[in-house]
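# Structural characterization, general
What follows is each chain in one-letter form.
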Amino acid sequence: MKVELHDFWRKYVHHFRETFFLSIPVIIGQLGFMLMGFIDNLMIGDVGYIHLSAASLANSMFFFILVLGIGIVMAITPLVAEVHAAGDNKKVGDFFRQGSWVGLIVGIILGGLTFFSAELLPYLNQPPEDVALAKSYLQIISFSVLPLMLFRAGKSFAEGASLTRPAMYVVLAGLVFNVLANWLLIYGNWGFPRLELDGAGYGTLASRIFMMILMGAYLFTSKDFKAFRLLDGWHKWQTKVMRKILEIGLPSGLQYFFEVGAFVGASVIIGTMDDGSVQRAAHQIAIQYGALAYMVVSGLAAGSTIRVGNALGRKDFVSVRRAGMAGIGLGAAFMLVSAIIFLFGRNILPALFAEDTRVLEIASVLMIFASAFQLFDGIQAVGLGILRGIQDVVVPTWIALGSYWGISIPLGCLLAFPLELGVVGMWYGFVVALVVASILLTARFWKLTGEMIEKHQKVDNLAVML
């Protein structure tokens, strides 16, 4: 047994270490980005739980649309990681330029869709007081989609080149900017108007423009990118390169669309229940903590995507598998820790968001379910990342669709309404769906990397024979 453990550690220690240190800046950046929403909700919740419920409704609609675009531009990372590891600087520059065009086009389209989606809120059978507040807020933040897409495109490119710190610094600067803007506009400090929920919307818009400008300034002035000649032929469209980005990006976007869509759908369904505002406010609190933990594993997933993509570019298929499984191990380990924190803090953590006893009672129960699905959420998040790293996106998209819309929503509705479990029933659906997704995605990666290794070994054997 000692020999087996030593052999395992010898094979994987390098991958654990490299993935961990590459992922740390991404994790910090992801947490910073998440903290913007987290702090928004803390400050909005201080105004009232109806405002918090309205923010949940608007943000659900916003992210339901936005994640499609985020998934599309995230395709830049594995594509750049592969050609960067292969030493092809021209292709690295091509992916940046065409990826930026994709981000621009996607940002305009999704920003428009988000703005007009606010008109649908009155038809979702939600509490009227929630709808009135959410509609204006959603239209304000719709204008932040374009700068956010351009920032994300630049971030994905830099991370693909294994430069993960710059985006971290930009996000942290944006976080400080966002908190200050919120303080001024939500509460009306220093002579600014008291705009409450709308003030949070304007703060979000301003901070995302700020981050886009900072990221662009870094990319175009840093010596780290001079070899890629980023501005050469920037006005030319390369349809072949764009098609490659979209071939990976559209399925990746749909993966997030299906997953986030299930949580958005659940939020809307919860709003139709008795005391919908109370139950959704509790749901929003538990989701915020789950999402905070998810930001860490999504950072590990991004680091794993880069490591897997680099190994793929070097045609080192054994390292492809080991880097991917090391990422899954790191994600699972972190989520076990967060599960313990959620379980033992279930009566303390929700109190940071609200004072209403009805909201807190429900939220404390939902924190138990959040604890239950942490491990599986971490594994499926990294699983999607490492499959994207080997540019396998179609089957994972079907897995996401089946897990979230074939299991989570139908099962949740069955338990919530006919069996009268309410919001708790919807969370049972989340747990089951994440268990299924984590198993299928891990098995898929193991199967594909096994085929890569076997094929490569046959080629090597043939070369020796010849």
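Notes on the structure follow. (Residues numbered from 1 in each chain as written. Predicted model: local features only at pLDDT ≥ 70, side-chain atom pairs only at ≥ 80, totals over all residues. Heavy atoms only, no water.)

## With respect to the environment of L411
Threshold: Numbering of helices and strands starts at the N terminus; helices are DSSP runs of H or I of at least 4 residues and strands are runs of E of at least 2. Here, two residues are considered to be in contact whenever any of their heavy atoms come within 4.5 Å of each other.
Along the chain, L411 falls in helix α13 (residues 394-416). Separated by 316 residues in the primary sequence, L411 and F95 place their C-alpha atoms 41 Å from one another. Discounting residues that sit within four places of it in the chain, L411 has contacts with G429 and V432.

## Here we look at the pattern of salt bridges
Rules: The term salt bridge refers to a pairing of a side-chain nitrogen on Lys or Arg with a carboxyl oxygen on Asp or Glu at a separation within 4 Å. Partly exposed describes any residue whose relative accessible area lies between the buried limit of under 20% and the exposed limit of over 50%, with all areas from a 1.4 Å probe on protein chains only and scaled to the type maximum.
This structure, assessed with the given rule, holds eight salt bridges. Across the salt bridge formed by R97 and D94, the nearest N and O atoms sit 2.7 Å from each other. Remark: D94 and R97 occur in helix α4 (residues 89-117); sequence separation between them is three residues, near one turn of the helix. Pair check on accessibility: R97 and D94 agree, each one buried.

## A closer look at the packing of helix α3 (residues 76-85) against helix α6 (residues 145-160)
Put simply, the test is: Simply put, an axis is a line fit to the C-alpha atoms, just over the touching stretch for a helix, and the angle between two N-to-C directions goes from 0 to 180 degrees. With respect to orientation, any angle under 35 degrees is reported as roughly parallel, any angle over 145 as roughly antiparallel, any angle of 65 to 115 as roughly perpendicular, and every other angle as oblique. Should the near helix be turned anticlockwise from the far one by less than a right angle, the crossing is left-handed, and should it be turned clockwise, the crossing is right-handed. In this count, Pro and Cys sit with the nonpolar residues alongside Ala, Val, Leu, Ile, Met, Phe, Trp and Tyr, while Asp, Glu, Lys and Arg are called charged and the others, Gly among them, polar.
α6 packs onto α3 with a crossing angle of 30 degrees between their chain directions and a minimal axis gap of 7 Å. Judged on the interaxial angle alone, α6 and α3 are roughly parallel. Where α3 crosses over α6, the handedness of that crossing is right-handed. Note on element contacts: α6 touches α3 through A153, S156, F157, E159 and G160, opposite I76, T77, V80, A81 and H84. Broken down by class, the residue content of the contact of α3 with α6 amounts to five nonpolar, four polar and one charged.

## What about unusual backbone geometry?
One non-glycine residue, E196, lies in the positive phi region at around 55 degrees. Within the secondary structure, E196 sits in the loop between α7 (165-187) and α8 (197-221). Take E196: its relative accessible area is 25%, and that puts it in the partly exposed class. With a phi close to 60 degrees, K315 is a non-glycine residue in the positive phi region. Relative to the assigned elements, K315 resides in the loop between α10 (276-314) and α11 (317-344).

## Points about the side chain of R307
Put simply, the rule reads: Residues scored as charged are limited to Lys and Arg (positive) and Asp and Glu (negative), so that His and the chain ends carry no count. Two N or O atoms count as a polar contact when they lie within 3.5 Å, although within protein this holds only if one can serve as hydrogen donor and the other as acceptor, and sequence-adjacent residues are included solely when both atoms are side-chain atoms.
Position of R307 among the secondary structure elements: in helix α10. Buried and unpaired, R307 has no salt bridge, with E18 as the nearest side chain of opposite charge at 5.1 Å. Polar contacts involving the side chain of R307 include one to the side chain of H15, which spans 2.8 Å.

## With respect to the side chain of S298
Along the chain, S298 turns up in helix α10. Among the residues examined, S298 registers a relative accessible area of 12% and is labelled buried. A distance of 2.8 Å separates a polar atom in the side chain of S298 from the backbone oxygen of M295.

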